[in-house]
Protein chains: 2
Amino acid sequence: MISPFTWVNGKATDSLAVSDRGLQYGDGVWETIAIKQGQAVQLAAHLFRLKRGLTALAIEGVDEALLKQEISQYIAQCVTSPSSGAAAVLKVIITRGSGGRGYSPLGCHTPTRILSLHPWPDYPDSYSREGVDITLCETRLSHNPQLAGFKHLNRLEQVLARAEVGSDFQEGLVRDYDDHIIEATMSNVFVVKDSQTVITPDLKNCGIEGIARSCIIDCLGEMGIEVKIGAVSLTEIEQAEGLFLSNSVMKIWPVRKFRDIGYQITDSIKELQKRIAVIL
Amino acid sequence: MISPFTWVNGKATDSLAVSDRGLQYGDGVWETIAIKQGQAVQLAAHLFRLKRGLTALAIEGVDEALLKQEISQYIAQCVTSPSSGAAAVLKVIITRGSGGRGYSPLGCHTPTRILSLHPWPDYPDSYSREGVDITLCETRLSHNPQLAGFKHLNRLEQVLARAEVGSDFQEGLVRDYDDHIIEATMSNVFVVKDSQTVITPDLKNCGIEGIARSCIIDCLGEMGIEVKIGAVSLTEIEQAEGLFLSNSVMKIWPVRKFRDIGYQITDSIKELQKRIAVIL
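Here is what the cut-offs are and how they apply
- Residues numbered from 1 in each chain as written.
- Chains lettered and ligands numbered in written order.
- Predicted model: local features only at pLDDT ≥ 70, side-chain atom pairs only at ≥ 80, totals over all residues.
- Least-squares fit on C-alpha atoms with pLDDT ≥ 70 in both.
- Domains from an automatic or database assignment.
- Contact = placed C-beta atoms within 7 Å.
- Helix = DSSP H or I, 4+ residues; strand = E, 2+ residues; numbered from the N terminus.
- Nonpolar A, V, L, I, M, F, W, Y, C, P; charged D, E, K, R; others polar.
- Pairing = 2+ DSSP bridges.
- Axes fitted to C-alpha atoms, helices over the stretch in contact; angles between N-to-C directions.
- Buried ≥ 20, exposed ≤ 12 C-beta atoms within 10 Å, placed from the backbone.
- Parallel < 35°, antiparallel > 145°, perpendicular 65-115°, else oblique.
- Left-handed = near helix turned anticlockwise from the far one by under 90°.
- Core = buried A, V, L, I, M, F, W, Y, C linked by C-beta atoms within 7 Å.
- Expected span 1.5 Å × (residues − 1).
- Arc of directions from axis to C-beta.
- Right-handed = clockwise from strand over helix to strand, strands pointing away.

Engineer: Would you mind showing me how to read the relation of the copies chain B and chain A here?
Structural biologist: What connects the two chain copies is a rotation about an axis and a shift along it. Aligned on chain A, chain B shows an RMSD of 0.0 Å; the corresponding rotation is 180° and the shift along the axis is 0.0 Å. Interpreted geometrically, this transformation is the action of a two-fold axis.

This is how it looks when you write it as structure tokens:
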């Protein structure tokens, strides 16, 4: 189903200039987009976040219409038999390109566009249905409001945190240095306080504002459940009625167990999963 | 003098696999090493810091002896007429390589070695002799003790800070979110308090422990000047008798002006420059 093609600036190639600032400094942004039945799911939302990142990093010269067209062409050429319904994951990376002098991006005006296709991860169905077991990572997320919310290429904290999640666990919660829970290594966190209230961490200082997270906040609103965005402590995690994780590819994984605490898959989580299945 | 060669894993090529985690996550470390008369200056110290970074990121499989040998071969082949004394800058990047699954580095055991050569920057002599004018950056450095001290590939904060330093200034001071001065965008900072005392910022939470910085601390000790490593406030910068910046390539730049404050190039700075010229 998947061609091993990678496109760099519209051309099929597996390689990139060593001088690219994406490698040299992590000077770029990216998105991971689900491809289903030949369609990029929530593409507009992903491109909106991408643009937000480009603005934050002052990376100019990305033609949004061209990028959208290129993504369509890429999917048409690289994802075969879309009607089969088989899914894949598209990764879009935009770097500032090669150039500048040392750290200075001055004079660097030709961003690099990288599209690559990856197999749909083979997560067992049980993760969504029965829930997952999670751990707590020792790696912390540092505060930097300038870089918070979007997906940039500086991801060492996530790499270090993920390396802590052994094979006994499917995910790991990550805290900032103020001991607040921010997210899990590759997903956002939602705490079901009671049947009326869900809390999800404030991401103004660190963390990624997931596309799935936004969809979930909207859905919960439609279900009449209040979503509070604020500080989440370990105690709130431990005292929660339910807990779930989200990202664009895994959608919603209820948490079954954290430490010695077992969580219910509440009716609201089940209802949310049904609604999200239509959107993501 | 300089061949445009870049070596990736010992082979001359300008390109790298898109799948390399150096690009995908900034999952790697690097060093910038001065090459003079065919010799890598302070190579042992650079390799020591590189190793420290590899250990912090748990990147395994780098054969240190092989890397050292490769650097020698690279210099012999790519830096022509070493006897001319012309200088260049060698950049060594080690990434975790391609592989793993998402953020997880599990199963990724073949690091990528990248060597590239760059022209010696054409800084005017006056920067060392008469000093430089500096500004204060608004971009802050976030605290992360796990990633502090060494040169990893997550350098967006430096890119954003450097972009603030306009053409009227040669460098910019960068603070953390506690308002402490940590470093300048590409150099370490030293505050000459009086003829007996120099202060340089504590880098346990953020910043890079420069090789030049270590050499300077040693030299100042030999000169009978006490070096205090601790928190440096903006007030201390403003009330300093002298101020200077350092890195392996620029060596020591005295600061001539910051805001409306003019600084002396003290006798101790001049003496230090003489001593450092022999080492760097």
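Engineer: What am I meant to see in the domain arrangement of chain A here?
Structural biologist: Accessible area lost during the coming together of the parts is what is often quoted as the interface size. Residues and elements named next belong to chain A. Segmentation of chain A into domains returns domain 1 (6-119) and domain 2 (126-279). The C-alpha-based centres of domain 1 and domain 2 are spaced at 26 Å. Counting residues at the interface gives 19 residues for domain 1 and 10 residues for domain 2. Elements represented by at least two residues in the side of domain 1 that touches domain 2 include exactly β4 (28-36) and α2 (43-56). It is β4 that provides the largest number of residues to the side of domain 1 that touches domain 2, a total of 7 residues. Its residues placed into classes, the side of domain 1 that touches domain 2 shows 8 nonpolar, 7 polar and 4 charged.

Engineer: How should I be thinking about the sheet that holds strand β2 (residues 11-12) of chain A in this particular structure?
Structural biologist: By way of backbone hydrogen bonds, the strands of a sheet pair with one another, either parallel or antiparallel. All names here are of chain A. Read from one edge of the open sheet, 6 strands run β2-β1-β7-β6-β4-β5, paired in antiparallel fashion. Pairing within the sheet leaves two strands with one partner each, and these edge strands are β2 and β5 (39-40). Here β4 runs beside strand β6 (residues 88-95); their pairing, made up of 8 bridges, is antiparallel. Within β6, the residue paired with I35 across the bridge is A88. Running over the sheet, α2 touches β4, β5 and β6 and is turned about 175° from β4.

Engineer: Looking at this structure, how should I read the environment of I59 of chain B?
Structural biologist: All names here are of chain B. Of note, I59 is situated in the loop between α2 (43-56) and α3 (64-78). With 22 C-beta atoms counted inside 10 Å, the residue I59 sits in the buried group. Residues I59 and V232 lie 173 residues apart in sequence; the distance between their C-alpha atoms is 33 Å. Here I59 is in contact with L54, I94, R96 and P111, once residues within four sequence places are set aside.

Engineer: Looking at this structure, how should I read the interface of chain B and chain A?
Structural biologist: Taken together, the contacts link 40 residues of chain B with 40 residues of chain A. Those elements giving two or more residues to the side of chain B that touches chain A turn out to be β1 (6-8), β3 (15-17), α1 (21-25), β7 (112-119) and α5 (156-164) of chain B. For the side of chain B that touches chain A, the leading source of residues is α5 of chain B, giving 7 residues. Residues belonging to the side of chain B that touches chain A are distributed by class as follows: 19 nonpolar, 16 polar and 5 charged.

Engineer: How should the packing of helix α6 (residues 211-222) of chain A against helix α8 (residues 267-279) of chain A be read in this particular structure?
Structural biologist: How two helices sit against one another is set out by the angle between their axes and by the gap between those axes. All names here are of chain A. The interhelical angle for the contact between α6 and α8, taken along N-to-C directions, is 125°, at an axis separation of 10 Å. Considering their axes alone, α6 and α8 lie oblique with respect to each other. Crossing of α6 over α8 shows right-handed handedness. Packed against α6, whose contacting residues are C215, I216, C219 and L220, the element α8 presents L272, R275, I276 and I279 at the interface. Split into classes, the residues belonging to the contact of α6 with α8 amount to 7 nonpolar, no polar and 1 charged.

Engineer: Would you explain the nonpolar core in this entry?
Structural biologist: Here is a general trend for soluble globular proteins: nonpolar side chains tend to be buried in one another's company. Of all hydrophobic cores here, the largest spans 161 residues; its most connected members are V92, V191 and L243 of chain A together with V92, V191 and L243 of chain B. Excluding its chain neighbours within four sequence positions, the residues that come into contact with V92 of chain B are W30, E31, I33, L50, I71 and L115 of chain B.

Engineer: Would you explain helix α3 (residues 64-78) of chain A in this entry?
Structural biologist: Quick reminder: α-helices carry 3.6 residues per turn. Residues three or four places apart thus point the same way. Residue and element names in this part refer to chain A. Between the first and last C-alpha of α3 there are 21 Å, a value that for 15 residues agrees with the 21 Å anticipated at 1.5 Å per step. By the burial criterion, the buried members of α3 are I71, Y74, I75 and C78. One face of α3 carries all of its buried residues, which in axial projection span an arc of 95°. Turned more than 90 degrees from where α3 packs its buried face, A65, L66, Q69, A76 and Q77 sit exposed.

Engineer: Quick question: what am I supposed to make of the sheet that holds strand β6 (residues 88-95) of chain B here?
Structural biologist: Residues and elements named next belong to chain B. The sheet built from 6 strands is open, its strands ordered β2-β1-β7-β6-β4-β5 with antiparallel pairing. What marks the edges here is a single partner per strand, and that holds for β2 (11-12) and β5 (39-40). Relative to β5, strand β4 (residues 28-36) runs antiparallel, the two sharing 2 bridges. Paired with I35 across the strands is A40, a residue of β5. The sheet strands contacting α2 are β4, β5 and β6, and the helix crosses β4 at an angle near 175°. In the packing of α3 onto the sheet, contacts are made with β1, β4, β5, β6 and β7, and the angle to β7 comes to roughly 35°.

Engineer: Looking at this structure, I do not really get the pairing of strand β11 (residues 188-194) of chain B. What am I missing?
Structural biologist: Across a regular strand the side chains alternate sides, sitting on one face of the sheet and then on the other. All names here are of chain B. In terms of burial, β11 is a largely internal element, 5 of the 7 residues being buried. In this sheet, strand β14 (residues 242-247) lies alongside β11 in antiparallel orientation, the contact comprising 5 bridges. Looking at the pairing, V191 lines up with L243 of β14. Both β11 and strand β12 (residues 197-201) contribute to a ladder of 3 bridges, which runs antiparallel. In the sheet register, D194 faces β12, and the bridge partner there is T197.

Engineer: Please clarify how the pairing of strand β8 (residues 132-141) of chain B should be interpreted in this entry.
Structural biologist: Residues and elements named next belong to chain B. Direction of pairing for β8 relative to strand β15 (residues 251-258): parallel, over a ladder of 3 bridges. Bridge assignment links V132 to a residue of β15, and that residue is V255. Here 5 bridges tie β8 to strand β9 (residues 171-176), and the two strands are oriented parallel to one another. By the bridge assignment for β9, I134 is matched with E171. Between the parallel pair β8 and β9, the chain is carried across by α5, and the sense of this crossover is right-handed.

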